[in-house]
Number of protein chains: 2
Amino acid sequence: MAEEHLKLENQICFSIYAAAREMTKMYKPLLQKLDVTYPQYLVLLVLWEEDGITVNELGRRLYLDSGTLTPMLKRMETSGLLERKRSPEDERRVIVTLTEQGRNAEKDARDIPFQVIDHLAMDEAELKQFKASLVKALEHLHERNEKS
Amino acid sequence: MAEEHLKLENQICFSIYAAAREMTKMYKPLLQKLDVTYPQYLVLLVLWEEDGITVNELGRRLYLDSGTLTPMLKRMETSGLLERKRSPEDERRVIVTLTEQGRNAEKDARDIPFQVIDHLAMDEAELKQFKASLVKALEHLHERNEKS
DNA sequence: ATAAATTAAATTGTGCACAACTTAATTATA
DNA sequence: TATAATTAAGTTGTGCACAATTTAATTTAT
């Protein structure tokens, strides 16, 4: 028998890991109309809030680096959702801008957050507490990981 | 300006997704001694609890399918942590068994759960509530995803 | 007993995710 | 003002993750 603390059911991090995967599976049918993956949907969420930002800024908000974003943005450019062009002021930077199609996609996304809340089946109070813990863990871990 | 519900900061699922990734990064230095990835560590946790189970059973516990497990188990076999052999009673099944090295690795893992708790920086009550919400979301989503 | 259905792994193909490195542009400094 | 240091993207290589399909073994139903 394994050490009690090494049992899978006692691993909070396993719950996060598994919940994240089940969550992206849950999103799949909801994103069918948009024809994007969950990470691509996150890129759209950021650009709908603020269009014309750099790859770097996108990565800062999504906690992703260029190694992940560059190929993903290329796929999204190919599928017609956005454009990538070098900044004239600083040729190192690449500015990401939504196309007409990318902007219009927001309409099709409006109801997704409500469907997600339904699927989670938690009351407002629990959801609020849950999200607060998640954000706390996220920010704490991110800060820790940055330092080292 | 984007619809309020479509703002990234209001997305509980983004918190799960990002926290899961920061969590695996946090584990990296803790797993260095074992020389395994986080998903491989989860396989070890299961086998330390019950050795000699099938790929199927492993997948049921970790919410992973053979498409993910088969290549991962092959890597772990190559690195000497486990063995894979067909069951004589049912040639379809593959039984996964720890090697001496795989069993011994448990000793090196004993202190990991405590280090993790430290890194999360939550008091016991919050941690308990947090995990309860995670497990609830996980099981609810899993059940939902199975059905469809 | 044999054909049909089911089950367990493996395979194939696509898309992240990230560490480590490279390239090119900009900024800081001697 | 050369040169060193820094910054921003991109590239390379490895390892998941999963849908869809394939292969082979076992069960079920005819």
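See the structure above.
Just so we're clear, the structure is a prediction, and the values are computed from it rather than from any experiment. (Residues numbered from 1 in each chain as written. Chains lettered and ligands numbered in written order. Predicted model: local features only at pLDDT ≥ 70, side-chain atom pairs only at ≥ 80, totals over all residues. Heavy atoms only, no water.)

**A look at the protein's contact with DNA strand D**
Phase 1: Taken together, 30 residues are adjacent to DNA strand D, and Tyr 17, Thr 70, Lys 74 and Arg 84 of chain A together with Arg 75 of chain B come closest.
Phase 2: The sugar-phosphate portion of DNA strand D accounts for 79% of its atoms within 4 Å of the protein, the bases making up the rest.
Phase 3: The separation between a phosphate oxygen of DNA strand D and a polar side-chain atom of Arg 84 of chain A is 2.7 Å.
Phase 4: Separating a phosphate oxygen of DNA strand D from a side-chain N or O atom of Thr 37 of chain B is a distance of 2.8 Å.
Phase 5: A breakdown of the residues in the surface near DNA strand D according to their chemical character gives 7 nonpolar, 9 polar and 14 charged. (Near = heavy atom within 4 Å. Polar contact = N/O pair within 3.5 Å; in protein donor to acceptor, adjacent residues only side chain to side chain. Nonpolar A, V, L, I, M, F, W, Y, C, P; charged D, E, K, R; others polar.)

**Focus on the pattern of salt bridges**
Phase 1: For the structure shown, the criterion picks out 22 salt bridges over all chains.
Phase 2: Between Glu 4 of chain A and Lys 7 of chain A there is a salt bridge, with the nearest N and O atoms lying 3.2 Å from each other.
Phase 3: Judged by relative accessible area, which is 45%, Glu 4 of chain A ranks as partly exposed.
Phase 4: Arg 61 of chain B is paired through a salt bridge with Glu 57 of chain B; the nearest N and O atoms lie 2.7 Å apart. Linking Arg 61 of chain B with Glu 57 of chain B, this pair stays in helix α3 (residues 55-62), spanning 4 residues, or about one helical turn.
Phase 5: Several salt bridges share partner residues, and in doing so they unite Glu 50, Glu 57, Arg 60 and Arg 61 of chain A into one network. (Salt bridge = Lys/Arg side-chain N within 4 Å of Asp/Glu carboxyl O. Buried < 20%, exposed > 50% of the residue type's maximum accessible area, 1.4 Å probe, protein only. Helix = DSSP H or I, 4+ residues; strand = E, 2+ residues; numbered from the N terminus.)

**Thoughts on the relation of the copies chain A and chain B**
Phase 1: Mapping chain A onto chain B is achieved by rotating through 180 degrees and translating by 0.0 Å along the same axis, at an RMSD of 0.0 Å. Such a turn and shift between the copies fits a two-fold axis.
Phase 2: Looking at the interface residues of chain A, 100% of them are also at the interface in chain B, so both copies use one shared face. (Least-squares fit on C-alpha atoms with pLDDT ≥ 70 in both. Contact = heavy atoms within 4.5 Å.)

**Examining the sheet that holds strand β1 (residues 53-54) of chain A**
Residues and elements named next belong to chain A.
Phase 1: Within the open sheet, the 3 strands sit side by side as β1-β3-β2. Their pairing is antiparallel. One side of each edge strand has no neighbouring strand; the edge strands of this open sheet are β1 and β2 (82-86).
Phase 2: Those strands touched by helix α2 (residues 38-49) are β1, β2 and β3 (94-98), and its axis lies near 85 degrees from that of β3. (Pairing = 2+ DSSP bridges. Axes fitted to C-alpha atoms, helices over the stretch in contact; angles between N-to-C directions.)

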